[in-house]
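In case you want the letters, here they are:
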Amino acid sequence: MIDIKNVGMKFNLGVEKDNSLKMTFIRLFDRKKRIKKSDFWALKDVSFHVDRGDVVGLIGSNGAGKSTLLKVVSGVLKPTEGSVEVGGAISPMIELGAGFDGDLTARENIFLNGAILGYSKEFLLEKFDEIVEFSELRDFLDVPVKNFSSGMVAKLAFSISTVVDPEILIVDEILSVGDIKFQEKSKNKMMSMIKGGTTVLYVSHSLESIKELCNKVVWLDKGKIVKIGDPIEVCNEYYDKQLKGKS
Amino acid sequence: MKFFKNIYYNIIKYKFLLSQLVIRDFKIKYKRSVLGVLWSLLYPLLMMAVMALVFSHMFKFSMEGVNYLVYLMSGLVVFNYFSEATNSAMTSITGNSSLINKVYIPKYIFPVAKCLFVGINFVLSLIPLLLIILISGDAAAGTKCYINIYYLLLPFIYVCMFMFTLGVSYILSTIAVFLRDMIYIWGILLTILNYFTPIFYSITILPTWLQNIFKFNPLYLYINATREIVLFSRMPSPLYLLACFLSGFIVMIIGMAVFRKKQNKFIYYL
């Protein structure tokens, strides 16, 4: 389903800040001023395979490359080396509400965000009520999203991205969305999708939910795979290692 | 051939997203104003009124046997479209960086969306132009303009204009990602282009060698073709129309190629 082979992702941390004309000129004439290339490998030699129906958890400390890996799989980033093969339609939930426009109302945003996620107009018209129902925001449909609380935004975004039954679902730390009631609801929704055979890539810092949901765990550290395997085993080892590192 | 086939399939696939992006821009533009969409008609009309006042009454520009008002406006709508569309399309990639960073969307859709959005305003601004054509001019002085069969060629000319604008937009939006200064540089270049395109003056007041250079300006091609039809009720020669098409088409292809080549690098600079 997803085949990740020797993927490496290089970032050029130095280039970021001065792509202005002045610096370009200075660099042209002054070799010393050229930024020393500080290559940063966010991912290095990452390979693993995900089968249909797998629920794969990604764990690792901040900056380990988890989100980068998700971006590579979803096509936002092109890997510097190696290859990623994805067989199926992806629904990315990398960051909820990325496609919202604050000036538009919730109703308008459902269509805009749906279009960004690749839904068709007919599909959205058909599922509109379902989305609104799930988000519990019927009373706020015609309010501009900028007046929403962050929890409300997240609820709306979650409802839009899970209204499809995607073949592959990419989830980055979102089950902590909204109030307790909504958390429970979104978890159930995830569970039912998993039962329905959706392949899931799931990033979370909550080892509990990883153990509960996943059947395979990939532990990343500094862009490299430390261990792949059974959730409970890998999570426990990870937990021990993390705490030892601290003391 | 495969290249065009891909484009075709992508247009079908992302048609809805494209329409949503255009609608978003349109809604946001008028969201807080009292007159709303009416501004799309009012704004060009008032701008035209100001320009007409300045050029025909203050500076006393005029042309023998030509309806100067129509002459000015037919050039102005084209140039305004080009300048507005390129300006907003240039920042379409950098402006949508948060989106591009998080979800996979074909990036080429953003400049198209901007060019189309400004295109709606352009089409609306043709309404005041049509009004001016109908009411201005003096039949006795031979400056009255008439609607004629060649008006059917106008959509073709405007499609050429659109392709040219899109091509330039692709190049600009690519450059702007790597070099933000382009936003300011382009502002200046547009001002220069404004004076180097015969909008409020006639090309015949220039020395011949300069005229020949000016004729390579694609914007002048579109403006001139429009004027042939609107002012003189003449059909532009087929060769001229071909030049319109080729200039637009070639620039569009070049723009697409530049954009395609660089688009995978965008994300490191956003």
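Residues numbered from 1 in each chain as written. Chains lettered and ligands numbered in written order. Predicted model: local features only at pLDDT ≥ 70, side-chain atom pairs only at ≥ 80, totals over all residues. Heavy atoms only, no water.

1. Here's the deal with the overall build of chain B
This is how the line gets drawn: In DSSP terms, a helix is any run of H or I states spanning at least four residues, a strand is any run of E spanning at least two, and both are numbered starting from the N terminus. Each residue is placed in one exposure class: buried if its accessible area under a 1.4 Å probe, protein chains only, is under 20% of its type's maximum, exposed if it is over 50%, and partly exposed if it falls in between. Contact criterion: two residues are considered in contact whenever any of their non-hydrogen atoms come within 4.5 Å of each other.
For chain B, the count of helices and strands is twelve helices and zero strands. In sequence order, the secondary structure elements of chain B are arranged as α-α-α-α-α-α-α-α-α-α-α-α. Projecting the C-alpha coordinates of chain B onto the three principal axes gives extents of approximately 65 × 45 × 35 Å. Sorting the 270 residues of chain B into buried and exposed places 50% on the buried side. Considering only intrachain contacts with a sequence separation of at least 6, the fraction spanning at least 24 residues in chain B is 76%.

2. Things to note about the interface of chain B and chain A
We count it as follows: Take the accessible area each of two parts loses on contact, using a 1.4 Å probe, and add the two losses: that sum is the buried area. In what follows, salt bridge is the name for a side-chain nitrogen of Lys or Arg lying within 4 Å of a carboxyl oxygen of Asp or Glu.
Contacts between the two partners involve 28 residues from chain B, matched on the other side by 37 residues from chain A. Across the interface of chain B and chain A, roughly 2,600 Å² is buried in total on both sides, 62% from carbon and sulfur atoms. Together, Phe16(B), Lys102(B) and Tyr268(B) form the three largest contributors to the area buried by chain B at its contact with chain A, with a combined 26%. If you look at where chain B meets chain A, you find three salt bridges. Linking Lys27(B) and Glu108(A) is a salt bridge whose minimum nitrogen-to-oxygen distance equals 3.2 Å.

3. Let's talk about a nonpolar patch on the surface
Residue and element names in this part refer to chain B. Rules: To count toward a patch, a residue needs a relative accessible area over 30% and no salt bridge; like charges are then connected within 9 Å, while nonpolar side chains (Val, Leu, Ile, Met, Phe, Trp, Tyr) are connected within 5 Å. Using a 1.4 Å probe, the Shrake-Rupley method yields the accessible areas, and only the shown protein chains count as cover for residues.
Taken together, the side chains of Val34, Leu35, Leu38, Trp39, Leu41, Tyr43, Leu46, Met47 and Ile127 define a hydrophobic patch exposed on the protein surface, amounting to about 860 Å² of accessible area. The greatest single-element share of the nonpolar patch, amounting to six residues, is contributed by helix α2 (residues 38-58). You can see leucine 35 is positioned in the loop between α1 (2-30) and α2.

4. With respect to the pattern of salt bridges
Applying the stated rule across the entire model yields 19 salt bridges over all chains. If you follow the salt bridges from partner to partner, you end up with Glu136(A), Lys155(A), Asp179(A), Lys181(A) and Lys185(A) in one network.

5. Regarding the packing of helix α3 (residues 68-90) of chain B against helix α10 (residues 218-232) of chain B
Residue and element names in this part refer to chain B. How we decide: Only the stretch in contact is used when a helix axis is fitted, and all axes are lines through C-alpha atoms; the angle between N-to-C directions ranges over 0 to 180 degrees. Left-handed describes a crossing in which the near helix is turned anticlockwise from the far one by less than a right angle; the clockwise case is right-handed.
Packing of α3 against α10 leaves a shortest axis separation of 9 Å and a crossing angle of 145°. Relative to α10, the crossing made by α3 is right-handed. Only Leu219, Tyr222, Ile223, Thr226, Arg227, Val230 and Leu231 of α10 make contact with α3, whose side of the interface consists of Val70, Tyr71, Ser74, Gly75, Val78, Phe79 and Phe82.

6. Considering the packing of aromatic side chains
Keep this limit in mind: Aromatic pairing here means that ring centres of Phe, Tyr or Trp (its six-membered ring) are within 6.5 Å. Orientation follows from the plane angle: under 30 degrees is stacked, over 60 is edge-to-face, and everything else is tilted. Geometrically, a charge over a ring is one whose NZ (Lys) or CZ (Arg) sits within 6 Å of the ring centre while staying within 35 degrees of the ring normal.
Scanning the entire structure with this criterion turns up 26 aromatic pairs over all chains. Considering the side-chain rings of Tyr81(B) and Phe122(B), the 5.4 Å spacing of their centres and the 55° angle between planes classify their relative orientation as tilted. Placement of the pair is Tyr81(B) in helix α3 and Phe122(B) in helix α6 (residues 109-135), with a sequence separation of 41 residues. Take Tyr81(B) and Phe122(B): they sit in the same class, and that class is buried. On the numbers, 6.1 Å between centres and 85° between planes, the contact of Tyr195(B) with Phe200(B) is edge-to-face. Members of the aromatic cluster, each reached through a chain of ring pairs, are Tyr170(B), Phe178(B), Phe259(B), Phe266(B) and Tyr269(B). Directly above the aromatic system of Phe134(A) lies the positively charged group of Lys189(A), at a separation of 5.7 Å from the ring centroid.

7. Re the pairing of strand β7 (residues 199-203) of chain A
Residue and element names in this part refer to chain A. Note the cut-off: Only when DSSP finds a minimum of two bridges between them are two strands counted as paired.
Of all the five residues making up β7, five are buried; the element is thus mostly covered by neighbouring parts of the structure. With burial as the criterion, each face of β7 is covered, one bearing Thr199, Leu201 and Val203 and the other bearing Val200 and Tyr202. Sheet topology places strand β3 (residues 55-59) next to β7; four bridges connect them, and they run parallel. Its bridge partner lying in β7, valine 55 is registered against valine 200. Where strand β6 (residues 168-172) lies against β7, five bridges are found, and the strand directions are parallel. From the neighbouring strand, isoleucine 168 faces β7, where its bridge partner is threonine 199.

8. Some points on the nonpolar core
The following threshold applies: Throughout, nonpolar core names a set of buried Ala, Val, Leu, Ile, Met, Phe, Trp, Tyr and Cys residues whose side chains join them through atoms within 4.5 Å.
Grouped together as the largest cluster of nonpolar side chains are 109 residues, with contacts concentrated most on Ile110(A), Leu156(A) and Tyr222(B). The biggest single contributor to this core is α3(B), with 14 residues. The residues contacting Ile110(A), other than those within four sequence positions of it, are Leu124(A), Phe128(A), Ile131(A), Val132(A), Leu141(A), Leu156(A) and Ile160(A).

9. A closer look at the sheet that holds strand β4 (residues 81-86) of chain A
Residue and element names in this part refer to chain A. With antiparallel pairing, the three strands of this open sheet are ordered in space as β2-β1-β4. Two strands close off the open sheet at either side, each with one partner strand: β2 (39-50) and β4. Strand-to-strand twist across the sheet, computed as the mean angle between neighbouring axes with direction ignored, equals 25°. On top of the sheet, helix α2 (residues 66-74) reaches β1 (2-12), β2 and β4; it is set at about 115° to β1, its chief contact.

10. Overview of the pairing of strand β9 (residues 224-229) of chain A
Residues and elements named next belong to chain A. Across five bridges, the pairing between strand β8 (residues 216-221) and β9 is antiparallel. What sits directly across from leucine 220, in β9, is isoleucine 225. The antiparallel hairpin formed by β8 and β9 contains two residues in its connecting segment, where lysine 222 sits at a positive phi of about 50°.

11. Describing the side chain of Thr68(A)
Looking at where Thr68(A) falls in the secondary structure, it is placed in helix α2. The class of Thr68(A) is buried, set by a relative accessible area of 14%.

12. Some details on unusual backbone geometry
Residues and elements named next belong to chain A. Positive phi is not limited to glycine here, since asparagine 6 has a value of about 45°. Its place among the elements puts asparagine 6 in strand β1. With phi around 50°, lysine 222 is a residue other than glycine that occupies positive phi space. By secondary structure assignment, the location of lysine 222 is in the loop between β8 and β9. Residue classification places lysine 222 among the exposed residues on the basis of a relative accessible area of 68%.

13. Some remarks on the confidence of the model for chain B
Rule in force here: Confidence scores labelled pLDDT are given residue by residue by the predictor and lie between 0 and 100.
Overall, the prediction assigns chain B a mean pLDDT of 88, with 100% of residues at 70 or greater. Interface predicted TM-score (ipTM) for the complex: 0.79; the corresponding pTM is 0.86.

14. Comments concerning α10(B)
Residue and element names in this part refer to chain B. As a reminder, the rule being used: To estimate how far a helix should reach, multiply one less than its number of residues by 1.5 Å. Pairs of N or O atoms are called polar contacts if they sit within 3.5 Å, as long as, within protein, a hydrogen donor faces a hydrogen acceptor (for residues adjacent in sequence, only side-chain-to-side-chain pairs).
If you check α10, its first and last C-alpha atoms are 20 Å apart, about what 15 residues at 1.5 Å a residue would give, namely 21 Å. Counting buried residues along α10, 14 of its 15 residues qualify, which places the element largely inside the surrounding structure. For α10, the N-terminal cap is asparagine 217; the gap from its side-chain oxygen to the backbone nitrogen of leucine 219 is 2.9 Å. In the segment just after α10, serine 233 is the residue with positive phi, at about 50°.

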